[in-house]
Amino acid sequence: MVPVTCPTTPFDGQKPGTSGLRKAVKVFEQPRYLENFVQSIFDCVDGLSGATLVIGGDGRYHNRTAVQTILRMAAANGVARAVVGRGGILSTPAASCVIRKRGAIGGVILSASHNPGGPDGDFGIKFNAANGGPAPESMTDAFFARSKAITEYRTLESPDLDLDRLGGTALGGMAVEVIDPVADYAELMESLFDMAAIRKLFASGFRMVFDAMHAVTGPYATEILERRLGAPAGTVINGTPLEDFGGHHPDPNLAHAEELVERLFGPDAPDFGAASDGDGDRNMILGRNVFVSPSDSLAVLAANATHVPAFKGGLAGVARSMPTSRAVDRVAAKLGISCYETPTGWKFFGTLLDAGRINLCGEESFGTGADHVREKDGLWAVLMWLNVLAARGLSVAELMAEHWGTYGRTYYGRHDYEAIPQEAADALIAELRGTLPGLAGTVLGGRTVAAADEFAYTDPVDGSRSERQGLRVGFEDGSRIVYRLSGTGTSGATLRVYFERYEPVGGEHGLDAPVALKPLADLAAELAGIERHTGRTKPDVAT
Ligand code: VG1
Ligand code: CO
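About the cut-offs
- Residues numbered from 1 in each chain as written.
- Chains lettered and ligands numbered in written order.
- Predicted model: local features only at pLDDT ≥ 70, side-chain atom pairs only at ≥ 80, totals over all residues.
- Heavy atoms only, no water.
- UniProt positions renumbered as here; feature names shortened; annotations may be inferred.
- Helix = DSSP H or I, 4+ residues; strand = E, 2+ residues; numbered from the N terminus.
- Buried < 20%, exposed > 50% of the residue type's maximum accessible area, 1.4 Å probe, protein only.
- Contact = heavy atoms within 4.5 Å.
- Areas by Shrake-Rupley, 256 points an atom, 1.4 Å probe, with all protein chains shown as cover.
- Lys, Arg positive; Asp, Glu negative; His and termini not counted.
- Charge placed at Lys NZ, Arg CZ, Asp CG, Glu CD.
- Salt bridge = Lys/Arg side-chain N within 4 Å of Asp/Glu carboxyl O.
- Pairing = 2+ DSSP bridges.
- Axes fitted to C-alpha atoms, helices over the stretch in contact; angles between N-to-C directions.
- Core = buried A, V, L, I, M, F, W, Y, C linked by side-chain atoms within 4.5 Å.
- Near = heavy atom within 4 Å.
- Polar contact = N/O pair within 3.5 Å; in protein donor to acceptor, adjacent residues only side chain to side chain.
- Nonpolar A, V, L, I, M, F, W, Y, C, P; charged D, E, K, R; others polar.

By the naming in an unreviewed UniProt entry, the chain is phosphoglucomutase (alpha-D-glucose-1,6-bisphosphate-dependent), taken from Azospirillum argentinense. According to UniProt, the comment filed for the chain under the heading Catalytic activity (unreviewed entry) is "alpha-D-glucose 1-phosphate = alpha-D-glucose 6-phosphate". Among the UniProt annotations of the chain, the heading Sequence similarities (unreviewed entry) holds the following wording: "Belongs to the phosphohexose mutase family."

Caption draft 1: Representation of the overall build of the chain in the model. When its secondary structure is counted, the chain shows 17 helices and 27 strands. When its C-alpha atoms are laid out on the principal axes, the chain stretches across 70 × 60 × 40 Å. For the chain, the proportion of its 543 residues judged to be buried stands at 59%. For the chain, restricting intrachain contacts to residue pairs at least 6 apart in sequence, the fraction spanning at least 24 positions comes to 72%. On the chain, roughly 19,500 Å² of surface is accessible, and the fraction owed to carbon and sulfur atoms is 50%. Taken as two groups, the 51 positive and 66 negative side-chain charges of the chain have centres that lie 3 Å from each other.

Caption draft 2: Region of the structure containing the side chain of Ser 479. Here Ser 479 is to be found in the loop between β24 (471–475) and β25 (480–485). The class for Ser 479 is buried, based on a relative accessible area of 1%.

Caption draft 3: Structural context of the pattern of salt bridges. Applying the stated criterion across every chain yields a total of 41 salt bridges. A single network of salt bridges, built from pairs that share partners, joins Arg 320, Arg 326, Asp 329, Glu 341, Asp 453, Arg 472, Arg 480 and Glu 500.

Caption draft 4: Expanded view of the sheet that holds strand β8 (residues 167–171). On the basis of which strands lie adjacent, the open sheet formed by 7 strands has the order β2-β6-β5-β3-β4-β9-β8 and mixed pairing. Looking along the sheet, the strands with just one partner apiece sit at the ends: β2 (21–24) and β8. Across the sheet, the mean angle from the axis of one strand to that of its neighbour is 20°, orientation sign disregarded. Sheet analysis places strand β4 (residues 81–89) next to strand β9 (residues 174–179), joined by 5 bridges and oriented parallel. Among the inter-strand pairings, Val 83 is bridged to a residue of β9, identified as Glu 177. In the packing of helix α4 (residues 92–101) onto the sheet, contacts are made with β3 (52–57), β4, β5 (106–110), β6 (122–129) and β9, and the angle to β5 comes to roughly 165°.

Caption draft 5: Summary view of the UniProt feature "domain: Alpha-D-phosphohexomutase alpha/beta/alpha" (unreviewed entry) in the chain. As annotated in UniProt, the feature "domain: Alpha-D-phosphohexomutase alpha/beta/alpha" (unreviewed entry) corresponds to residues 14–153, 184–286 and 295–407 in the numbering used here. Regarding residues 295–407, the helix share stands at 44% and the strand share at 16%, and the terminal C-alpha atoms are separated by 13 Å.

Caption draft 6: Region of the structure containing the nonpolar core. In this structure, Trp 380, Trp 385 and Leu 386 are the most contacted members of the largest nonpolar core, which totals 73 residues. Per element, the largest residue contribution to this core is 10 residues, and it comes from helix α13 (residues 378–392). Ignoring sequence-local partners within four residues, the contact set of Trp 380 consists of Tyr 185, Met 189, Leu 192, Phe 193, Phe 311, Leu 360, Thr 368, Gly 369, Ala 370 and His 372. If you look at the next biggest cluster of nonpolar residues, it comprises 44 residues, including Val 25, Phe 42, Leu 48 and Ile 70.

Caption draft 7: Summary view of the site of ligand 1. Near ligand 1 you find 21 residues, and of these Thr 18, Ser 113, Ser 365, Gly 487 and Thr 488 are the closest. In this structure, an oxygen atom belonging to ligand 1 sits 3.0 Å away from a side-chain N or O atom of Asp 277. Glu 363 places a side-chain nitrogen or oxygen 2.7 Å from an oxygen atom of ligand 1. Its residues assigned to classes, the shell around ligand 1 comprises no nonpolar, 10 polar and 11 charged.

So this is what it looks like as C-alpha cells:
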C-alpha cells in the first residue's frame, strides 16, 4: 500500500453552491475531478490528520466509486479513522448524526439530493463540519480558492475495500469501520419521540404511505416505521434505493411524487402520506385530500412542539429561510419566542442551533429540522408529524383547519424556470435589482408595495455577512413575492419565484393555493419581465 502524490492542475468552476459541489456525473467522471475537490477540502480542514472522518452518500450512480477514492485519499492524508455506511450509504441527516455521535472532524457526503441520478444524471459532494452541519461559507469559499490553486493530491495505491461487510479493517495507516447506516439514526429518533403513542396510532388502524422514491430513506423508513413502530408491511413504497432512482427525480413535491399524491387524493385514501428526497433530508407531508405546504408544516410543528417529548419544555426559538412563508413568524409571536430569517441553505441555521438560540427551523423547499442533528431531516419531520397527530387525536385536515383558524392562513407557492441561459437570468435579476428602490408606495396589480429590497444577512452569532440573497417585494396586505437564482442546478440557471398571500383569521381559507395565488404569480412574471428575458410563458415546475 504505497502512498502516492499525483500532480494535477485545477478545474474551473469547483465552487460549492447552496449545498456542496453539484455537477453532471459526466463531469465528475473526468480523471482527477473528484480528487482535486476532495484534496481541496482536506487541505482546508484543520486537524484532519489523526481525526475521524465520516463518509457516505445517497447511493446514486458513482457513489461507490467515489467512496473508494475518498477512502484512499483520506488514508493518504493522515485520517486516523474512517467511518463508512455499509454499501457507501448514509442519508444526509444520518451522516450528521454519526459525525456528532462519533466526535468526527466532519464528513464527506456524496449526493446531488433531489437532482436525478444515473450515468446521465447528477452527482454531488459536500463537506459537513464537526458540529454535523454543512460547511459554512467561510469553509466553502476556502475549498473553492484551494481548488483554483491545487497542484497535487495524495492517494494510496490499493485495491477496493469491501464496503458491504460490517466491521473494522485497515487501509494503510487508517482504520476503517463499516457501520450499519440506519442503527445510530434510528436510536436517535427513538430518543426524541413518543414511540409508544405512535405505535398505538398504527395499532388503531391509522394508515400511512411513505414514498422513499427509490432513494436513500427506504431502509431507514422500513426499519423505523414498519419494524419499530408496527406500521403494516407495504407502508413504505419505492423503498429499494436504486442508482438512478428508477429514472425519476427523487424530489418530494406535488410534481414529482405523483404516485403518492394520487393515493392521498384518490378513493380509499390513507390517513397520512409522506415522501423524502434523494439524500433523505427533505419531506413532503400530505393528509387525506390535503397537502401541507412546507412553510405551514413548520408553523404547525412549532405550534404543537410541546406535544413531543424532545420539546416538552418549549422551544427556545425558531428560524426559517427568507423565501419561506411567514406562517411560523405568527406562531413565534404568539409563543413569545425569537424567529430568525436566514438566507436559503441549511448552513445558515448552524450557528443559531449551536448557540441554542433556536431548536426548530425550516425551508419552503420541503426541508424541516431541529437541533438533534445539524441538517434538515426528512424522516424526523415525518415522525414529528406522527407524534403530533397521535397526541392531538386529529386528522391532518382538522389540524390544518385549527391552525388557520388560530393564526390565519398563508397561501404559498413557488415557480421554477429551469435551465435558462445564465446571461438571460443575470440580466433579469440585474434589471429587477435596479427597479426595486423605486417600488415602495407604488400600486402593482391593485396592491400597494410596502417595501422592496435585496436580502442580505448578518449572522447574529458570528457576525459573518452574506450579500445578494434574493430580491423581495412585500405588499401592505401581507402578501409577498421573492425572486432568486438557484444554487443547486447543474445546467444553465434556474430562476425561483416565490409567492405568499396572507388571509387573516376569519378570511378566505378554503381556496386552492394556485387559485389564491394566481394574481400574484401573474404580477410576479410581469414585474420581472420573465417572458421578455427568457421566452418562457410558464414555469417548468409549480409547487
Ligand atoms: C435548494 C433549496 C434550498 C435547499 C437546497 C438544498 O437550493 O431551494 O432551500 O437548502 O436546495 O437542498 P437552491 O439554491 O437550488 O434554491 V437539498 O435536499 O438539495 O440538500
Ligand atoms: Co436533499
